[in-house]
Amino acid sequence: MENLLDIKDIHIPEGVSIFPLAKGWWVLVICFIALIILLKVFRRIYKTSKKFYALNKLKAINVSNPIDAGIKMSELLKRICNLKYKEASVLYGREWLDFLNKHTSHKISSEASDLLIYAPFINKNEKKYTQRDATMLKDFCKNWIGENL
């Protein structure tokens, strides 16, 4: 019995707390927050960029009326050229088409090119051009904007 007096009770240690975090975890949290902030900043910059604006304008053009779509696409390309290529602002007709083809790897087909050239000058009820021509012109404009802005 005398030996039992020397025995002490067993004490269970307290649980390990998650706080305070070690320095490595603080660095990781700060990096994560910085990454989120940078992504939001870059997304805002992209959304306000000229390319994003031009592609949204192009997306809004309806190809159901090919003449009207051709006029709007021609205006959009001219506006872009006024920003980037000042010498192109005075071009028209085949010179305008040659300039556009020179600045892209995807050349435009004949019917769609005629729509681009002549749409501002013909009657909006003209039935010579089809929706397919306007769609081909829209695809060309999308590629051209993508390569030049």
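Just so it is clear, the model here is predicted, and its values are computed rather than measured.

Engineer: Now, about the overall build of the chain: what can you tell me, with residues and values included?
Structural biologist: Each helix and strand in the chain was counted, giving six helices and zero strands. Taken from the N to the C terminus, the helices and strands of the chain come in the order α-α-α-α-α-α. Computed over its C-alpha atoms, the radius of gyration of the chain comes to 32 Å, more than 25% above the 15 Å expected for a compact globule of 149 residues. For the chain, the spread of C-alpha atoms along the principal axes amounts to about 115 × 30 × 20 Å. Of all 149 residues assigned to the chain, the portion counted as buried reaches 30%. Considering only contacts in the chain between residues 6 or more positions apart, those separated by 24 or more positions represent 63%.

Engineer: Any chance you could break down the nonpolar core for me, citing the residues and the numbers?
Structural biologist: In this structure, L77, W96, F99, L100, L137, W144 and I145 are the most contacted members of the largest nonpolar core, which totals 32 residues. Counting only elements with at least two residues in this core, the list comes to α2 (50–59), α3 (66–84), α4 (93–102), α5 (110–118) and α6 (131–148). Per-element tally for this core: the top contributor is α3, with eight residues. In this structure, L100 is in contact with L77, L116, F140 and W144, ignoring residues within four places of it in sequence.

Analysis parameters
- Residues numbered from 1 in each chain as written.
- Predicted model: local features only at pLDDT ≥ 70, side-chain atom pairs only at ≥ 80, totals over all residues.
- Heavy atoms only, no water.
- Helix = DSSP H or I, 4+ residues; strand = E, 2+ residues; numbered from the N terminus.
- Rg over C-alpha atoms; globule rule 2.2 N^0.38 Å.
- Buried < 20%, exposed > 50% of the residue type's maximum accessible area, 1.4 Å probe, protein only.
- Contact = heavy atoms within 4.5 Å.
- Core = buried A, V, L, I, M, F, W, Y, C linked by side-chain atoms within 4.5 Å.

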